[in-house]
Amino acid sequence: MTFDFTGPIWFWKGPAPWYFVTVPFEQSQAIKAVAGLVTYGWGVIPAQVQIGQTTWSTSLIPKDGLYLVPIKKPIRLAEQLNEGDVVNIQLEIGQ
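In this convention, every chain numbers its residues from 1, walking through the sequence in written order. Restriction of local features to residues with pLDDT of at least 70 applies here, the model being predicted, together with a cutoff of 80 or more for giving and counting side-chain atom pairs; totals for whole chains, interfaces and linings are based on all residues. Calculation of side-chain values draws on the structure's entire complement of heavy atoms; hydrogens and water are dropped beforehand.

- As named in an unreviewed UniProt entry, the protein is DUF1905 domain-containing protein, taken from Herpetosiphon gulosus.

Take a look at the structure:
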C-alpha cells in the first residue's frame, strides 16, 4: 500500500520534542482499514518514507483518527527542512 501526499511540517513540544507531518484524512482512513494486519503494537504502523532524495524506515503514530509521520533531525538536515515547510511525502506501509 503506497501513498503520495503533501503537508506542512509541524513541531510538537511535548515532553520529548518532535517534528511531524500529518497524513491526510483519506489516506489515514485507508491505513486504519489495514492497521490490524500491519501494526506491531500500540497502534503504530511500520512504513518506508521518502522526502526528496532521502528515504528511511519509521513508524506512523495514530493521533485523533489520523496518522503522524515523524521527521527525524537527520532527515530535516539532509533535505534542509524547517517547521512550516510543505513537503511531498511518498509513503509505503508495512516495510
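There is more to say, and it comes next.
### Some remarks on the side chain of serine 28
Moving on, step 1. Note on conventions: DSSP H or I runs of at least 4 residues are helices, E runs of at least 2 residues are strands, and numbering of each starts at the N terminus. Position of serine 28 among the secondary structure elements: in helix α1 (residues 25–38).
Moving on, step 2. Judged by its relative accessible area of 0%, serine 28 is buried.
Moving on, step 3. Any N or O atom pair separated by 3.5 Å or less is treated as a polar contact, with the protein-specific requirement of one donor-capable and one acceptor-capable atom, and with residues adjacent in sequence counted only for side-chain atom pairs. Within the structure, the side chain of serine 28 is placed 3.0 Å from the backbone oxygen of valine 23, a separation counted as a polar contact.
Moving on, step 4. Every residue pair with non-hydrogen atoms within 4.5 Å of one another is taken to be in contact. The contact partners of serine 28, leaving out residues within four places of it in the chain, are Val23, Gly65, Leu66 and Tyr67. Here's how the labels work: a residue is buried when its accessible area is under 20% of the maximum for its type, exposed when over 50%, partly exposed in between, all with a 1.4 Å probe on protein chains only.

### What about the sheet that holds strand β1 (residues 2–8)?
Moving on, step 1. For two strands to pair, DSSP has to find at least two bridges joining them. One open sheet accounts for 7 strands, arranged β1-β7-β4-β5-β6-β3-β2; its pairing is antiparallel. The outermost strands of the open sheet, each flanked by one partner alone, are β1 and β2 (10–12). Pairs of neighbouring strands in the sheet enclose a mean axial angle of 40°, with direction left out of account.
Moving on, step 2. Relative to strand β7 (residues 86–93), β1 runs antiparallel, the two being bridged by 7 bridges. Between the N-to-C directions of two axes lies an angle of 0 to 180 degrees, each axis being a line fitted to C-alpha atoms and, for a helix, fitted only over the stretch in contact.

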